[in-house]
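Spelled out from the first residue to the last, the chains are:
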Amino acid sequence: KACELYPFQNYYAYAAANLALDLGSPENAEIYLKKGGKFSNYGDSYYFYLGRLKALTGGDFNEAFLRASELAPTFPYIYLEWGAALYNSSDYGGSALKLEKYLELVPRMWEWKSDLDSKTFEEHERYRIFYKLNPDFNDVFVYLARDYFKLGDTEEALYYLQFADDNEDSRSTYDVIYKGE
């Protein structure tokens, strides 16, 4: 509806493309992506969503993510999506590199997990707000653990897995690692 009301606003076109991607509708995502690109002069957001679209449809997403990273080198979600796409295409070394770049760009609050009791009230609040705004953040550690396990580096896999939430994904990853040793 917003795209109809504001047809020259690339924000709404990209929001619609993102929603279509999340819903698994690449045809609709492509329509909105083209509209957004047209009005944004094909900037970083265009290439970011193009990378997501190509990853979803089995296309070559590397070129799109590379261009997005050149235009917006400090936008962490480029590296998160790129790393996930590489993981899903079985490029575990490439995935680990992109996911580690993602971790370099986000606040390092994830390192506080084991030492949260020693933090100030203000730091607790920053930690709480960060995780409230990024509820799936710790999934990156499961991906990294799986990447390194597939690459044969169990020690690095276990290092990253310690930061993952205690859930079915992390427990199943622990099971695979310990059964594989």
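Here the structure is shown first, and the text comes after it.
Keep in mind the model is a prediction, meaning the values are calculated, not measured.

1. Description of the overall build of the protein
- If you tally the helices and strands in the protein, you get 11 helices and 0 strands.
- Counting from the amino terminus, helix and strand elements in the protein follow one another as α-α-α-α-α-α-α-α-α-α-α.
- Each principal axis of the C-alpha distribution contributes one length, and for the protein these read about 50 × 40 × 30 Å.
- Taken across its 181 residues, the protein has 39% of its residues classed as buried.
- Taking all contacts inside the protein whose residues are at least 6 apart in sequence as the whole, residues at least 24 apart take part in 48%.
- Accessible area of the protein: about 10,700 Å², with a carbon and sulfur share of 50%.

2. A short note on unusual backbone geometry
- The phi torsion at S90 lies on the positive side, around 70°, for a residue other than glycine.
- When you line up the elements, S90 lands in the loop between α6 (76–88) and α7 (92–105).
- On the basis of relative accessibility, which here comes to 46%, the residue S90 falls in the partly exposed class.

3. Remarks on α6
- Compared with the 18 Å implied by 1.5 Å per residue over 13 residues, the 19 Å span of α6 between its first and last C-alpha is a close match.
- Those residues of α6 lying buried are P76, I78, Y79, W82, G83, A84, A85, L86 and Y87.
- In this structure, the buried side of α6 is in contact with α4 (44–57), α5 (62–71), α7 and α9 (139–150).

Conventions adopted
Residues numbered from 1 in each chain as written. Predicted model: local features only at pLDDT ≥ 70, side-chain atom pairs only at ≥ 80, totals over all residues. Heavy atoms only, no water. Helix = DSSP H or I, 4+ residues; strand = E, 2+ residues; numbered from the N terminus. Buried < 20%, exposed > 50% of the residue type's maximum accessible area, 1.4 Å probe, protein only. Contact = heavy atoms within 4.5 Å. Areas by Shrake-Rupley, 256 points an atom, 1.4 Å probe, with all protein chains shown as cover. Expected span 1.5 Å × (residues − 1).

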